[in-house]
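One letter stands for each residue in the lines below.
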Amino acid sequence: MKNSHPKIGIRPIIDGRRGGIRESLEEMTMGMAQSVAKLYAAKLRYADGAPVECVIADTTIGGVAEAAAATDKFRDNNVGAVLSVTPCWCYGSETIDMDPLMPKAIWGFNKTQRPGAVYLASALAGHNQKGLPAFGIYGSEVQEQDDNSITPDVEEKLLRFGRAAVAVMEMRGKSYLSIGSVSMGIAGSMPDPDFFQEYLGMRNEAVDCSEIARRIELGIYDKEEFERAMAWVEKHCKTHEGEDLNPEHLRYSREKKDEVWEYVVKMTMIFRDLMVGNPKLAEMGFEEEAAGHNAIAGGFQGQRQWTDWLPNADFTEAIMASTFDWNGPKAPTPFATENDTCNGIAMMLGSLVSGSAPCFHDVRTYWSPEACERVTGQKPDGVAANGFIHLINSGATALDGSGACVDAEGNHVMKPFWEMTDADIKACLNATDWCRADYEYFRGGGYSSHFRCKAEMPVTMLRFNIVEGIGPVLQIAEGWTADLPDEIHNTIDKRTDPTWPTTWFCPRLTGQGAFTDVYSVMANWGANHGVTVYGHVGADLITLASMLRIPVTMHNVPAEKVYRPHAWNSFGTQDQQAADYAACKQYGPLYR
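Residues numbered from 1 in each chain as written. Predicted model: local features only at pLDDT ≥ 70, side-chain atom pairs only at ≥ 80, totals over all residues. Heavy atoms only, no water.

Asks: Can you break down the packing of helix α13 (residues 341-354) against helix α18 (residues 538-548) residue by residue, with the values?
Replies: Close contact between α13 and α18 brings their axes to 10 Å; oriented N to C, the two are set at 120°. If you check the angle between α13 and α18, you find them oblique. Considering only the axes of α13 and α18, their crossing is right-handed. Of the residues in α18, those in contact with Leu349, Gly350 and Val353 of α13 are Asp540, Leu541, Leu544 and Leu548. A breakdown of the residues in the contact of α13 with α18 according to their chemical character gives five nonpolar, one polar and one charged. (Axes fitted to C-alpha atoms, helices over the stretch in contact; angles between N-to-C directions. Helix = DSSP H or I, 4+ residues; strand = E, 2+ residues; numbered from the N terminus. Parallel < 35°, antiparallel > 145°, perpendicular 65-115°, else oblique. Left-handed = near helix turned anticlockwise from the far one by under 90°. Contact = heavy atoms within 4.5 Å. Nonpolar A, V, L, I, M, F, W, Y, C, P; charged D, E, K, R; others polar.)

This is the structure we're talking about:
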């Protein structure tokens, strides 16, 4: 899948009056545009790890003709979002961007000599009147005329807008690939093509599970890569085979274990090839299969028709979502267990804004401090003092979720793939064992990734849902993973399937609404699945959701970090959640 990166267009807006005013502002105005382009290149990346690219208009924009010229240039250079910058008064509706599909923001410099903030207010009023939502960026402190620096509060909003805009651009024109159909009656695994098209600008692709068997049977995969992958599995996975808890008569022989390993590795390669294509297949004479489905996210039905017969995709799903495989560091692929497309969407959104591997979980059990003490004899403390939620999945979670990576200060973290070292990869592999799948769940066998997250890390849990009468909604819960004492972990973990990966999640509480206590978070969660990504990225997700016109039904992000288009203020400033719902309903899907 090869295409040029979508870019952010920067529009330097200027007072169009010639004869001294415009001329005196040219260098400063173009300098603002260049400083933002440098900021984005230094601090933002695409999903493939490349620095974000910007396209600056050829000239400053003082009127409609120059605005049109900038639009033409942006159209020719794959621009998908625009940022206007100005240090001065300019002519509002003559200079604003009018493309309804472009996420847009305006930075008005806070100076007294030249009132960029006045243009900002005028232009935002024009955007609001025309139904073209735009984000406003305005520094909290007045800067001197010779101070052209980007202040920390302005930088935060520039980056928040840019990060969300890049996510919007990355999704546009891509596909969500469903391998198989509906799993076990899970409503989330029934893709809604209207949502994908109208809100994300994506299409839905679907492949029957028989395509996996066909490609394995006919050898439609890269044989050289398969040998390399198996050598990696021999070294890092077979040496970490976990406990087989199945009855003695159902346990694998060594020969059968080796056969299953080969099968699941082939599945992993085939899933990837279905998603993004593989030119090697064309060299083998399979030109159609080599093309792939231009997919940025996907999911596999698995249960039950496939897994009652053939090995499950636990290994495949875990490796695809991780930041590495046998080829070394790689971009994680949001890929949903049970083809829960709603959770697949959450994986995609979370990974795009965080740069980290998305971890798929069952939101399994809330444990109060009292219940924990009753069952284990110990009361939790630290981040888990108010209770915790057991996040677990049937063997398919990104290995990064083990928290085995460490930063330069020795803190346990999850890294973007471009920062993954050989030591990081080895640590994640050593923290994971591969248990024979539970026959009661998976009659066709397979291997479940099993780890215990022993790190205390900042994470954000999210979930995307569709509600009749409302439409799409997003849930966000910032918090931490907890490293519980062995006595607590071992006792509770054995109450479910101890061959699956476990994460103990502790949301940050606010004492209000869905975050009154940990129980309330669990009780208000919208489905049985959720996703965690590294870091507290709830504010970025809120900004992204507003661009897509998806209301946020619950979050614990501090109010001062919430950043939405300026027009949202006109729907009410006392109740931000109600204003968000009203604005999203009024403006409707971005691509409608």
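Asks: Break down the pattern of salt bridges for me, with residues and values.
Replies: Here the structure, examined in full by the defined rule, presents 35 salt bridges. Across the pair Glu259 and Lys256 runs a salt bridge, and its minimum N-O distance is 3.5 Å. Here Glu259 pairs with Lys256, and both are found in helix α9 (residues 254-276), just three residues apart, close to one helical turn. Residue Lys256 is classed as partly exposed on the basis of its relative accessible area of 34%. (Salt bridge = Lys/Arg side-chain N within 4 Å of Asp/Glu carboxyl O. Buried < 20%, exposed > 50% of the residue type's maximum accessible area, 1.4 Å probe, protein only.)

Asks: Give me the lowdown on the packing of aromatic side chains, citing residues and values where you can.
Replies: The final tally for this structure, using the stated rule, is 25 aromatic pairs. With 4.6 Å between their ring centres and 40° between their planes, Phe195 and Phe464 make a pair best called tilted. Taken together, the residues span a long stretch of sequence, with Phe195 in helix α6 (residues 193-200) and Phe464 in strand β18 (residues 458-467) at a distance of 269 residues. Assigned by exposure class, Phe195 and Phe464 land together as buried. A network of ring pairs unites the aromatic residues Tyr176, Phe195, Phe196, Tyr199 and Phe464 as a single cluster. Against the face of Phe226 rests Lys266, its NZ or CZ located 5.1 Å from the ring centre. Over the ring of Tyr252 we find Arg436; its NZ or CZ atom is 3.8 Å from the centre of that ring. (Phe/Tyr/Trp six-rings, centres within 6.5 Å; stacked < 30°, edge-to-face > 60°. Lys NZ or Arg CZ within 6 Å of the ring centre and 35° of its normal.)

Asks: An account of the sheet that holds strand β8 (residues 295-300) is needed here, citing residue identities and associated values.
Replies: Taking strand neighbours across the sheet as the criterion, the four strands line up as β7-β6-β8-β11 in an open arrangement whose pairing is parallel. Each end of this open sheet is capped by a strand with a single partner; those strands are β7 (203-207) and β11 (335-337). Geometrically, the sheet is characterised by an average inter-axis angle of 20° between neighbouring strands, direction not taken into account. Sheet topology places strand β6 (residues 175-179) next to β8; five bridges connect them, and they run parallel. When the bridges of β8 are listed, Ile179 appears paired with Phe300. (Pairing = 2+ DSSP bridges.)

Asks: Give a description of the pairing of β6 that names residues and reports values.
Replies: Look at any regular strand and the pattern is simple: side chains alternate between the two faces of the sheet. With respect to burial, β6 is a largely interior element, five of its five residues being buried. Going residue by residue along β6, you find Ser175, Leu177 and Ile179 tucked away on one face and Tyr176 and Ser178 tucked away on the opposite face as well. Of the pairings in the sheet, the one linking β6 to β7 comprises five bridges and is parallel in character. Across the sheet, the residue bridging to Ser175 is Arg203, located in β7. Note that the unit made of β6, α6 and β7 has a crossover that is right-handed. (Right-handed = clockwise from strand over helix to strand, strands pointing away.)

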